[in-house]
Amino acid sequence: MDEGFGISQTSVGRTTPAPQSRPPQSRPPGYSSPPSRGYLALIIVGIIILLVGGIIWFSFGFLDTGEDDGSSVSSMYGGDKEYRDNRRMITTIGNIVEYIGVILLSVGLTIGAINDKSLPANTRLGMLIAMGLIVGFKIGGYFSIVNYG
């Protein structure tokens, strides 16, 4: 009653795998290993630092003007010198952190667009255009003009 159907069995009753009839496939002669995607880390870190800089920049809204009643004109427009100095310091630090994020983001996008030949040409062009827009808006001061109106 040994019906093994031509497959050898071990002493426990399990079947052994059938021998491979063909050798494992080798890589084609023109194959190159996939490119390193290290630039993605620069892009992600740049975006995170850019967002942190924006949060710092907008945190001046939590500053206390120093006036108790809040009805005077000087308190509404930040007439207190300490308030103005603190606001200027916070917005300056936020801008510096944003610039660091923009630099990292720009370097990552540029490296990816130039070095990663596995990406389609339109994607690489889009990365360069996005880098140009981000740098142009930040250096051009578009967001500062909109916020200070």
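Keep in mind it's a predicted model, so treat the numbers as computed, not measured. (Residues numbered from 1 in each chain as written. Predicted model: local features only at pLDDT ≥ 70, side-chain atom pairs only at ≥ 80, totals over all residues. Heavy atoms only, no water.)

Enumeration according to the criterion identifies four salt bridges in this entry. Here Asp85 and Arg88 are joined by a salt bridge, their closest N and O atoms 2.5 Å apart. Here the residue Asp85 and the residue Arg88 both occupy positions in helix H3 (residues 81–115), the gap between them amounting to three residues, near one helical turn. Assessed through its relative accessible area of 28%, Asp85 is described here as partly exposed. In the salt-bridge network here, residues are joined through shared partners; they are Lys81, Asp85 and Arg88. (Salt bridge = Lys/Arg side-chain N within 4 Å of Asp/Glu carboxyl O. Helix = DSSP H or I, 4+ residues; strand = E, 2+ residues; numbered from the N terminus. Buried < 20%, exposed > 50% of the residue type's maximum accessible area, 1.4 Å probe, protein only.)

Take the packing of H3 against helix H4 (residues 121–140) next. Their axes nearest at 9 Å, the elements H3 and H4 cross at an angle of 160 degrees. Overall, the two elements H3 and H4 adopt an arrangement that is roughly antiparallel. For the pair H3 and H4, the crossing hand works out as left-handed. Residues Asn95, Glu98, Tyr99, Val102, Leu105, Ser106, Leu109, Thr110, Gly112, Ala113 and Ile114 of H3 form the contact with H4, whose participating residues are Arg124, Met127, Leu128, Ala130, Met131, Ile134, Val135, Lys138 and Ile139. (Axes fitted to C-alpha atoms, helices over the stretch in contact; angles between N-to-C directions. Parallel < 35°, antiparallel > 145°, perpendicular 65-115°, else oblique. Left-handed = near helix turned anticlockwise from the far one by under 90°. Contact = heavy atoms within 4.5 Å.)

What follows covers the side chain of Asn95. Looking at where Asn95 falls in the secondary structure, it is placed in helix H3. One polar contact links Asn95 to Lys138, side chain to side chain, over a distance of 3.0 Å. (Polar contact = N/O pair within 3.5 Å; in protein donor to acceptor, adjacent residues only side chain to side chain.)

Attention now goes to the packing of aromatic side chains. Within the structure shown, the criterion is met by two aromatic pairs. A centroid spacing of 5.7 Å and a plane angle of 85 degrees characterise the contact between Trp57 and Phe60, whose relative ring orientation is edge-to-face. The same class applies to Trp57 and to Phe60, which are both buried. Aromatic ring contacts, followed pair by pair, group Trp57, Phe58 and Phe60 into a single cluster. If you follow Lys138 out to its NZ or CZ, it ends over the ring of Tyr99, 4.8 Å from the centre. (Phe/Tyr/Trp six-rings, centres within 6.5 Å; stacked < 30°, edge-to-face > 60°. Lys NZ or Arg CZ within 6 Å of the ring centre and 35° of its normal.)

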